[in-house]
Amino acid sequence: MQLSDSISTVKGIGEKTEKLFHKLGVYTIEDLIRTYPRTYIEYTEPVSVNSIRPGVRCAIRAKVVTNIEVKKPRRMTIVSFSVSDGTGSVRIVFFNSPYIRSVIRKGDSYVFVGTPKVKGNFIVMEMPEYYELRKYTSLKSVMQPVYPLTAGLTSNTIRKAVKEVSYLIEGMDDILPKDILNEYGLMPRGQASFNVHFPRDMEELKKSIKRLAFDEFLSFLYDIKILRENCIRKENAHPVGKDAAGKLQEFIGSLPFELTKGQKDAVSDIITDMTGPYTMNRLIQGDVGSGKTVVAEAALYVNYLAGYQGALMVPTEVLAVQHFKDLSKVFSGTGMRISLLTGSLKDKEKKDIKKKLLDGEIDIVVGTHALIQDSTDWKNLGLTVIDEQHRFGVNQRKKLSMKGNAPHTIVMSATPIPRTLAMIIYADLDVSLISEMPMGRKRIMNCVVGTSYRPTAYKFIGDEIKKGHQTYIICPMIEENESSDIENVIDYSYGIKDWFGSEVRIEYLHGKLSEEDKIKILERFMDGSIDILVSTTVIEVGINNPNATVMMIENAERFGLAQLHQLRGRVGRGDAQSYAIFIDTKESEESKERLSVLENSNDGFFIAKEDLRLRGPGDFFGIRQSGDMPFNIADIYNHADMLKMAQDIILKYSDRISFKDTKLAETTI
């Protein structure tokens, strides 16, 4: 058996399970090995009921003291009973788990593991794990990995599959020779990969994660090195004359607002680059809502005036459609021919657009990954702009920049990265920073509240709707599963329809909808036909509706602060005062401290710094990750030392790095 073999060759994985793994992007054994846990569970000594704290996960050993009750309200089965250990009692509740009635018996004792909460006068534990004492004793002090899942696939299934191929993990080839590993004190790659799946203790886990983070950084920086060697300092094949630059000022003067100093400086940097002797490679970095798009529009316009074609690449079709409409509006009356190229277009439409690009009949094309397909080319491409660049890999950037004859390149990012790290991550780019917000923007008013505040929040949202404004409500999940304490968009939207009544127009949006349906729903939201949009984080990137004034986020404690900041940035884009409401369903001291950072600051750089400071010792994966760079496990804040080490090795030993027989080199693709 080899790393490149199909996942179906692993014992215990049949055709049905193989398809479930495919949904996670796992096709080979190496894909399986590189499907890292998103967190770990430790089973601790049970505590007495009178010492448990609401919002803090714990184990209790208690006897079932009441009959098992089963109720069936509204599309749901609720099984409940009370348990006691002599110091107090807890109400245990299971949702859509009718089998519980036949496996739990009154008078028997069990260990229940979960997060207690207070409901009325009762302490309640919803959907806890439950064990007989002997079984629980065997689990204590063992770190159990919890993997990213899809419906029908359990963490236990993934654990068993990884165990089957564990002998391959420890024998994996390293990408660095032993003498370099020893010089930098790095753990062998195979050992680190094994430890991440089967850690013995927290200290070993930390070291293993840092090694794997180092590998991803090394791959990323190696790609950057190649890109820099191929693309930087090439003679300018698309010189922009002074006349075109002069006409740009007329365009800027025609805008219905004045550019900020940061925007003006960024435009000046771009003009200097495009009128200079070399090809431009520039990053426009600015916080959410700082106005990076206007700067890109200015660059596309001066490129058009100079007689060249432009391309704007974005990560999603929804965002592509929005940019296409915005550009069509901004450049109406200029004679500029703008088209949209996405994967969901019919083959005939795509073929027609690609022919027009090649014939020079399109001036600007907005698109997704369809722009970097081999079949897509331009007659005279002078400028490529990549929006939300953290969603694209280095090689994707390179592929677009290699279209045509060395076009100028602009990439845009709202990721708040400290300058010392940005100089490493963006080593192939010159950087323009937009540090202030557009004039007239009001500071978003924030509040962090518990679940009891929901009725007040709904009333406030209703008042905003009466003023003609709109609202986003974000839920972490699409539909209900075993984690019933996490809000999901489908049930939530039905629930608030009952609350608000038929006069308020409510719809939901999530990533599993077709691109066509997502675009239609967002178009209705943008034109005011929807009052409340209940959504997953699919709206996190780039959606711009100036009429939306409220962002309410359920289970806010389950998101990283950087992601919450991105989501909050969907409001506050118009003249009206906007608000962000973070519902803290955990209400622990830790979650209150973390979320208070958002309540007190709108500064993305400060929030990123505080997110790092407030991370717990086990927060290596999942929701606490920044999620803003193309890495599986690496975090530029948490593993800054590994990033700097990777840079040092690239500078000293780039000729001794080997990515053979591994997909690691594809980390950023």
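As shown above, the structure is provided for reference.
Residues numbered from 1 in each chain as written. Predicted model: local features only at pLDDT ≥ 70, side-chain atom pairs only at ≥ 80, totals over all residues. Heavy atoms only, no water.

### Points about the overall build of the protein
What the protein contains, in helices and strands, is 23 helices and 23 strands. Here the C-alpha radius of gyration of the protein, 27 Å, is about what a compact globule of 669 residues would show, namely 26 Å. Looking at the protein as a whole, 55% of its 669 residues are labelled buried. Once local pairs closer than 6 in sequence are excluded, the contacts in the protein between residues at least 24 apart make up 73%. Approximately 29700 Å² of the protein is accessible, and the part contributed by carbon and sulfur atoms is 49%. The protein carries 89 positive and 88 negative side-chain charges, and their two centres are separated by 3 Å. (Helix = DSSP H or I, 4+ residues; strand = E, 2+ residues; numbered from the N terminus. Rg over C-alpha atoms; globule rule 2.2 N^0.38 Å. Buried < 20%, exposed > 50% of the residue type's maximum accessible area, 1.4 Å probe, protein only. Contact = heavy atoms within 4.5 Å. Areas by Shrake-Rupley, 256 points an atom, 1.4 Å probe, with all protein chains shown as cover. Lys, Arg positive; Asp, Glu negative; His and termini not counted. Charge placed at Lys NZ, Arg CZ, Asp CG, Glu CD.)

### As for unusual backbone geometry
For asparagine 96, which is not glycine, the phi dihedral falls at a positive 50°. Among the secondary structure elements, asparagine 96 is positioned in the loop between β5 (89-95) and α3 (100-103). Unusually for a residue other than glycine, methionine 127 sits at a positive phi of about 50°. Take methionine 127: it is sitting in the loop between β8 (122-126) and β9 (129-131). Judged by its relative accessible area of 22%, methionine 127 falls in the partly exposed class.

### Focus: the packing of helix α11 (residues 261-274) against helix α12 (residues 292-305)
For the pair α11 and α12, interaxial distance at closest approach is 9 Å and the crossing angle is 30°. Considering their axes alone, α11 and α12 lie roughly parallel with respect to each other. Two packed elements cross with a definite hand, and for α11 against α12 that hand is right-handed. Contacts between α11 and α12 involve Gln263, Ala266, Val267, Ile270, Ile271 and Met274 on the former and, on the latter, Val294, Val295, Ala298, Ala299, Val302 and Asn303. Partitioning the contact of α11 with α12 into residue classes produces ten nonpolar, two polar and no charged. (Axes fitted to C-alpha atoms, helices over the stretch in contact; angles between N-to-C directions. Parallel < 35°, antiparallel > 145°, perpendicular 65-115°, else oblique. Left-handed = near helix turned anticlockwise from the far one by under 90°. Nonpolar A, V, L, I, M, F, W, Y, C, P; charged D, E, K, R; others polar.)

### Regarding the layout of surface pockets
Within this model, the second largest pocket holds a volume of roughly 1500 Å³. Counting residues per element, the ones that place at least two in the lining of the second largest pocket are α10 (242-254), α12, α13 (317-330) and α19 (515-526). Here the element with the most residues in the lining of the second largest pocket is α13; it accounts for nine residues. (1 Å grid on protein atoms, 1.4 Å probe; cavity = no way out; pocket = protein on both sides within 12 Å on 5 of 7 lines; lining within 4 Å. Points joined across faces, edges and corners; volume = space filled by probe spheres on them.)

### Some words on the packing of α13 against α19
Two packed helices can be described by the angle between their axes and the distance between those axes. Remark: α13 packs on α19, axes separated minimally by 9 Å, with the N-to-C direction vectors making an angle of 45°. Put simply, α13 runs oblique to α19. Crossing of α13 over α19 shows right-handed handedness. For the pair α13 and α19, the contacting residues are Glu317, Val318, Val321, Gln322 and Lys325 in the first and Glu515, Lys518, Ile519, Leu522, Glu523 and Met526 in the second. Classifying every residue of the contact of α13 with α19 by side-chain character gives five nonpolar, one polar and five charged.

### A word on the pairing of strand β13 (residues 338-341)
With burial as the criterion, each face of β13 is covered, one bearing Ile338 and Leu340 and the other bearing Ser339 and Leu341. With four bridges connecting them, β13 and strand β14 (residues 364-367) associate as parallel partners. From the neighbouring strand, leucine 341 faces β14, where its bridge partner is glycine 367. (Pairing = 2+ DSSP bridges.)

### Brief notes about the state of the cysteines
Enumeration over the complete set of coordinates arrives at zero disulfides. Cysteine 447 provides the cysteine sulfur closest to cysteine 475, a residue in no disulfide bond, and the two sulfurs are 16 Å apart. (Disulfide = S-S within 2.5 Å.)

### Comments concerning the packing of aromatic side chains
When we look at a pair of aromatic rings, we describe it by the centre distance and by the angle of the planes. All chains considered together, the criterion is met by 16 aromatic pairs. Look at phenylalanine 81 and phenylalanine 112: their rings are 6.1 Å apart centre to centre, the planes differ by 50°, and that puts the pair in the tilted class. Taken together, the positions of phenylalanine 81 in strand β4 (residues 78-84) and phenylalanine 112 in strand β6 (residues 109-114) put the pair 31 residues apart, joining distant regions of the chain. Phenylalanine 112 shares its class with phenylalanine 81; the two are buried. Judged by centre distance (5.9 Å) and plane angle (85°), the rings of phenylalanine 94 and tyrosine 130 are edge-to-face. In this pair, phenylalanine 94 sits in strand β5 while tyrosine 130 sits in strand β9, placing the two residues 36 residues apart along the sequence. By relative accessible area, tyrosine 130 is classed as partly exposed at 27%. Pairwise contacts between aromatic rings join Phe81, Phe94, Tyr110, Phe112 and Tyr130 into one cluster. For arginine 57, the ring lying beneath its charged end belongs to tyrosine 43, and the centroid distance is 5.6 Å. The ring of phenylalanine 198 carries lysine 163 above its face, with NZ or CZ at 4.8 Å from the centroid. (Phe/Tyr/Trp six-rings, centres within 6.5 Å; stacked < 30°, edge-to-face > 60°. Lys NZ or Arg CZ within 6 Å of the ring centre and 35° of its normal.)

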